[in-house]
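Each chain, letter by letter, is given below.
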Amino acid sequence: MPSSLSGRTVLVTGATSGIGHETARILAELGATVLLHGRTPEEARAATDRLIATAGIDTTAVRPLAADFTCLEEVENLAHAVVRDHPRLDVLVNNAAIAAPERHTLTADGNEIAFQVNFLAHYLLTNLLEPALTADPGGRVVNVSSALHRSGAIQWNDPQRVRRYSRLAAYAQSQLALTVFAADPRVTAVSVDPGVCETGLLPLYGHEGAPAAEGARHVVRLCDPATGIVNGAYYDRSERVAPAPAATGERTVKRLDKLAGLLVGHTA
């Protein structure tokens, strides 16, 4: 893999385990400065220390950052800290995700928890990081999505799924929204399904998965400025394919932007 990532700054959300952690490791090994996001300062610091100790990553190459995505105020604080300390951000990897819980759960912000953690937090973070996200060639957002977005539907009149809740439908909705969001014209963004891997989300998909490092390689490839991308493109691992029909269409992109702006209290 070419080291055209050398000297670039990348923020990876949900980088304390699974695909996010492996993505952070590979990026740092390729010479990027990685802003490693975790839910708590302790988790982010432990993950950073682990990379330095086990992967031989230079201490200056990985920097821990924390925000609990179930709290939108923490997401805002994270964005402001990044813009302040890293006014030039080359790549944002929107990777943090949770499996929707068995029981319908709302965050303190009033959003269905999977919809907030997997999509709304990333929507807010991406919009707030827009001033730092470089417009230089190669600057981009990579949304780590899932093939399960194909079974998803955005419940426009009940996005919090108060009336009818199923954990799989809630998770699929969050992944569909993240995939639609890649087509937002404000930043250059793509979505990728890294394949079924051995992560905390594996129970949603089945019993067996590839190593997380394998999924991470597909994410890293899209972070590389040497990989040309088209805004809104969707990748199944390394192959560009059409996303679900529900994920395309200008009207859907605008409608989602309006809904998300309302739910995060930021009308973009």
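It should be noted that the structure appears before, not after, this text.
Note that the structure is predicted; figures quoted are calculated from it, not measured.

Enquirer: Mind laying out the nonpolar core, listing which residues take part and the relevant values?
Expert: Among the nonpolar cores identified, the biggest contains 42 residues, and Leu11, Phe69, Val82, Leu89, Phe119, Leu125 and Leu129 are the most heavily contacted of them. Taken together, the elements giving at least two residues each to this core come down to helix H3 (72-85), helix H4 (113-129), helix H5 (167-181) and helix H8 (250-263). For this core, the element with the most residues is H4, which contributes 11 residues. Filtering out sequence-adjacent residues up to four positions away, Val82 remains in contact with Leu11, Leu35, Leu65, Pro87, Leu89 and Leu129.

Enquirer: How would you explain the side chain of Gln173 if you had to name every residue and give the values?
Expert: Within the secondary structure, Gln173 is located in helix H5. Excluding residues within four positions of it along the chain, Gln173 makes contact with Phe115, Gly152, Ala153, Ile154, Gln155, Pro159 and Arg161.

Enquirer: Could you give an account of the packing of aromatic side chains, naming the residues involved and the relevant values?
Expert: In this structure the tally under the stated criterion is four aromatic pairs. Seen from their ring centres, Phe115 and Phe119 are 5.4 Å apart, and the 45° between their planes marks the pair as tilted. Taken together, the residues Phe115 and Phe119, both in helix H4 and four residues apart, mark about one turn of the helix. An aromatic cluster is built from Phe115, Phe119, Tyr123 and Phe181, whose rings are joined through pairwise contacts.

Enquirer: So, unusual backbone geometry: which residues are in play, and what are the values?
Expert: Notably, Arg161 is not glycine yet its phi reads approximately 55°, a positive angle. Looking at Arg161, the relative accessible area reads 6%, which means it is buried. Positive phi outside glycine occurs at Arg237, with the angle close to 55°. With respect to the helices, strands and loops of the structure, Arg237 is situated in the loop between strand E7 (234-236) and strand E8 (239-241). Given the relative accessible area of 41%, Arg237 is considered partly exposed.

Enquirer: Describe the sheet that holds strand E2 (residues 33-38), and please don't skip the residues or the numbers.
Expert: On the basis of which strands lie adjacent, the open sheet formed by eight strands has the order E3-E2-E1-E4-E5-E6-E7-E8 and mixed pairing. Looking at which strands have only one partner, the edges of the open sheet turn out to be strand E3 (62-66) and E8. Ignoring which end each strand starts from, the neighbouring axes of this sheet average 25° apart. In terms of strand pairing, strand E4 (residues 91-94) meets strand E5 (residues 140-144) through four bridges, oriented parallel. Pairing of Leu92 across the sheet is with Val141, part of E5. This element, H4, spans strand E1 (9-12), E4 and E5 of the sheet and lies at about 170° to E4.

Enquirer: Can you tell me about the packing of helix H1 (residues 18-29) against helix H2 (residues 41-54), naming the residues and giving the values?
Expert: In contact at an axis separation of 11 Å, H1 and H2 are set at 45° when each is read in the N-to-C sense. The orientation of H1 with respect to H2, classified from their angle, is oblique. When the axes of H1 and H2 are compared, the crossing they make is right-handed. The segment H1 lies against H2, with His21, Ala24 and Arg25 engaging Ala47, Arg50 and Leu51. Residue composition of the contact of H1 with H2, grouped by class: three nonpolar, one polar and two charged.

Enquirer: Let's hear about the packing of H5 against H8: which residues, and what values?
Expert: Where H5 contacts H8, the axes come no closer than 9 Å and their chain directions differ by 110°. The orientation of H5 with respect to H8, classified from their angle, is roughly perpendicular. For the pair H5 and H8, the crossing hand works out as left-handed. Contacts between H5 and H8 involve Ala177, Val180 and Phe181 on the former and, on the latter, Thr252, Val253 and Leu256.

What counts as what
Residues numbered from 1 in each chain as written. Predicted model: local features only at pLDDT ≥ 70, side-chain atom pairs only at ≥ 80, totals over all residues. Heavy atoms only, no water. Core = buried A, V, L, I, M, F, W, Y, C linked by side-chain atoms within 4.5 Å. Buried < 20%, exposed > 50% of the residue type's maximum accessible area, 1.4 Å probe, protein only. Helix = DSSP H or I, 4+ residues; strand = E, 2+ residues; numbered from the N terminus. Contact = heavy atoms within 4.5 Å. Phe/Tyr/Trp six-rings, centres within 6.5 Å; stacked < 30°, edge-to-face > 60°. Pairing = 2+ DSSP bridges. Axes fitted to C-alpha atoms, helices over the stretch in contact; angles between N-to-C directions. Parallel < 35°, antiparallel > 145°, perpendicular 65-115°, else oblique. Left-handed = near helix turned anticlockwise from the far one by under 90°. Nonpolar A, V, L, I, M, F, W, Y, C, P; charged D, E, K, R; others polar.

Geometry only, nothing functional implied.
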